[in-house]
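The residues making up each chain are set out below.
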Amino acid sequence: MADGSGESELVPAAQAKFDLSVFDLDCVKRAAYRVTGNAAVEITLEDGFAVCALIFTKAVTRAAAETAIERLRLEVLDQDLRSSIAAETATVRNAILALAFSRSGLQSDD
C-alpha cells in the first residue's frame, strides 16, 4: 500500500496460493511447517492450487501479515529447490553411501 493506509490495521489471518503444477504439495507442507512460529497454517486444495491460510496466534498488522506471506512464499521456493537438487543428486549420493558402507565392516562376506 503506497500511501501507508491500512498497514497498521490488525488482521487475524492471511492467505497465499501455490499452483500445484509448479510446486509439489509436499514442498508447500514443509514450508508451512517452517513458518509456524506465530501462526498456524491451514492448507486446502482448490482447483489445482494449494491455498495456505496463515492464522495468527494474535492479530498482527497488515504489514506483518504481508511479511509472513512473503516468508512463506520464499520458503516454498526454497523447499522446491531443495527437492529438485535432492532428486538430481540422488544417484551420486547413493553411490557414495554404498561405497562408504561397503568398507565399513558392517556387512558379512558370506
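Coordinates for the structure precede this section.
Residues numbered from 1 in each chain as written. Predicted model: local features only at pLDDT ≥ 70, side-chain atom pairs only at ≥ 80, totals over all residues. Heavy atoms only, no water.

Colleague: Outline the packing of aromatic side chains, supporting the account with residue identities and numerical values.
Modeller: Applying the stated rule across the entire model yields one aromatic pair. The interplanar angle of 85° and the centroid separation of 6.1 Å between the aromatic rings of Phe18 and Phe23 together place this pair among those described as edge-to-face. For Lys17, the ring lying beneath its charged end belongs to Phe49, and the centroid distance is 5.0 Å. (Phe/Tyr/Trp six-rings, centres within 6.5 Å; stacked < 30°, edge-to-face > 60°. Lys NZ or Arg CZ within 6 Å of the ring centre and 35° of its normal.)

Colleague: Break down helix H2 (residues 62-102) for me, with residues and values.
Modeller: Across its 41 residues, H2 extends 56 Å between first and last C-alpha, which sits within 8% of the 60 Å expected from 1.5 Å per residue. A bend of about 55° at Thr89 is the largest found in H2. When we look at burial in H2, the residues that qualify are Ala65, Ala68, Ile69, Leu72, Glu75, Val76, Gln79 and Asp80. Turning to H2, the residues buried within the fold contact strand S1 (10-19), helix H1 (25-34) and strand S3 (49-61). (Helix = DSSP H or I, 4+ residues; strand = E, 2+ residues; numbered from the N terminus. Expected span 1.5 Å × (residues − 1). Bend = angle between axes of the 7 residues up to and from the residue. Buried < 20%, exposed > 50% of the residue type's maximum accessible area, 1.4 Å probe, protein only. Contact = heavy atoms within 4.5 Å.)

Colleague: So, the nonpolar core: which residues are in play, and what are the values?
Modeller: Counting residues in hydrophobic clusters, the biggest one holds 19 residues, and the most contacted among them are Phe18, Val28, Leu54, Phe56, Ala65, Leu72 and Val76. Residue assignment for this core shows that the elements contributing at least two residues are S1, H1, S3 and H2. In this view, Val28 contacts Phe18, Phe23, Ile43, Ala50, Cys52 and Val76; residues no more than four positions away in its chain are not counted. (Core = buried A, V, L, I, M, F, W, Y, C linked by side-chain atoms within 4.5 Å.)

Colleague: Before we move on, can you summarise the pairing of strand S2 (residues 39-46) with the specific residues and values?
Modeller: Put simply, side chains in a regular strand alternate between the two faces of the sheet. The sheet contact formed by S2 and S3 spans eight bridges and is antiparallel. Of the residues in S3, the one forming a bridge with Glu42 is Ala53. Hairpin connection, S2 to S3: the antiparallel pair is bridged by two residues, and Asp47 has positive phi, about 50°. (Pairing = 2+ DSSP bridges.)

Colleague: Requested: an account of the sheet that holds S3, with residues and values cited.
Modeller: One open sheet holds the three strands; their spatial order is S1-S3-S2, and the pairing between them is antiparallel. Taken across any chain shown, the strands that pair with only one partner, and hence form the sheet edges, are S1 and S2. Pairs of neighbouring strands in the sheet enclose a mean axial angle of 20°, with direction left out of account. Relative to S3, S1 runs antiparallel, the two sharing nine bridges. Bridge pairing in S3 links Asp19 to Phe49. Contacts from H1 reach S1, S2 and S3, with the element oriented near 165° to S2. Contacting S1 and S3, H2 crosses the sheet at an angle of about 145° to S3. (Axes fitted to C-alpha atoms, helices over the stretch in contact; angles between N-to-C directions.)

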